[in-house]
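# An overview of the molecular structure
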Number of protein chains: 2
Amino acid sequence: MSDLSCTPEPPYYAVIFTSRRAAEHEGYGEMADRMVELAGEQPGFLGIESVRQGTIGITVSYWRSLEAIDGWRKHAEHGVAQRLGRDAWYDEYAIRVARVERARSFTRAEG
Amino acid sequence: MSDLSCTPEPPYYAVIFTSRRAAEHEGYGEMADRMVELAGEQPGFLGIESVRQGTIGITVSYWRSLEAIDGWRKHAEHGVAQRLGRDAWYDEYAIRVARVERARSFTRAEG
């Protein structure tokens, strides 16, 4: 799991990816980690948060614009992972693109 | 972890709650489970997905409107949990309210 993301003032966009896998599959973890790394190199990327618990995963990535999200969706190496996801890894998933309108955060004071 | 949520056609709203705890705290799991149950009883609630991995958690709840989200935010028992979260449980958290504009999902065909 990456740390919590530090994002700018809204508005910006979030891609909420929730998934359920049938079982552990060889190569899944490596590909998932590679996608996080690769997403971080895309134009307009703002941050990513990803948690897995058993077969359920939630990954939220943050982007400056819808154009940035479309660019990432069409990325060639990401496309390979998307196909593997449908062909092998996931029993079920949902992808939601949402415009972040309000945000607040809390950090415990030191000491 | 609840199952993946079945939500209506967009637009609707998502509340993305990401958090980091310092360590395990007594009563946290029970309170978190109670909040999921209680959220499900609120007007305008559409679904909730929640995953914890170590000290990191991501919970995404879905709502019909901003009014529904405000109602839940101001719920008395939820308010108690919010205070405990700041006083004891969380080292860090972020709450993002986002308008879901596009959604797609995949379910593996049987057999």
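Before any of the text, the structure's been laid out above.
Let us look at the structure shown here. (Residues numbered from 1 in each chain as written. Chains lettered and ligands numbered in written order. Predicted model: local features only at pLDDT ≥ 70, side-chain atom pairs only at ≥ 80, totals over all residues. Heavy atoms only, no water.)

## Points about the packing of aromatic side chains
What counts, and what does not: Stacked, edge-to-face and tilted labels apply to pairs of Phe, Tyr and Trp rings (six-membered ring for Trp) whose centres lie within 6.5 Å, assigned for plane angles under 30 degrees, over 60, and everything in between, in that order. In DSSP terms, a helix is any run of H or I states spanning at least four residues, a strand is any run of E spanning at least two, and both are numbered starting from the N terminus. For each residue, the accessible area found with a 1.4 Å probe, counting protein chains only, is set against the maximum for its type, and the residue is called buried under 20%, exposed over 50%, and partly exposed in between.
Counting across every chain of the model gives 18 aromatic pairs over all chains. Between B:Tyr12 and B:Tyr62 the ring centres are 6.0 Å apart and the planes differ by 80°, which places this aromatic pair in the edge-to-face class. Residue B:Tyr12 is found in strand S1 (residues 12-21), and its partner B:Tyr62 is found in strand S3 (residues 56-63); the two are separated by 50 residues along the sequence. An identical accessibility class is assigned to B:Tyr12 and B:Tyr62; each is buried. Relative to B:Tyr93, the ring of B:Tyr90 has its centre 5.6 Å away and its plane inclined at 80°; by these criteria the two rings are edge-to-face. For B:Tyr93, a relative accessible area of 10% puts it in the buried group. Ring pairs connect the aromatic residues A:Phe17, A:Tyr28, A:Trp89, A:Tyr90, A:Tyr93 and B:Phe106, which therefore count as one cluster.

## Examining the pattern of salt bridges
Note the threshold: We define a salt bridge as a side-chain nitrogen of Lys or Arg found within 4 Å of a carboxyl oxygen belonging to Asp or Glu.
Scanning the model with the defined rule gives 20 salt bridges over all chains in all. The residue B:Asp91 makes a salt bridge to B:Arg20 at a minimum N-O spacing of 3.8 Å. Here the residue B:Asp91 occupies a position in strand S4 (residues 90-107), and B:Arg20 occupies one in strand S1, the gap between them amounting to 71 residues. Accessibility expressed as a relative area gives 24% for B:Arg20, which makes it partly exposed. Between B:Arg99 and B:Glu101 there is a salt bridge, and its shortest N-O distance comes to 3.7 Å. You can call B:Glu101 partly exposed: its relative accessible area is 28%. It is possible to trace a salt-bridge network through shared partners that takes in A:Arg20, A:Asp91, A:Glu92 and B:Arg108.

Read these as geometric descriptors, not functional statements.
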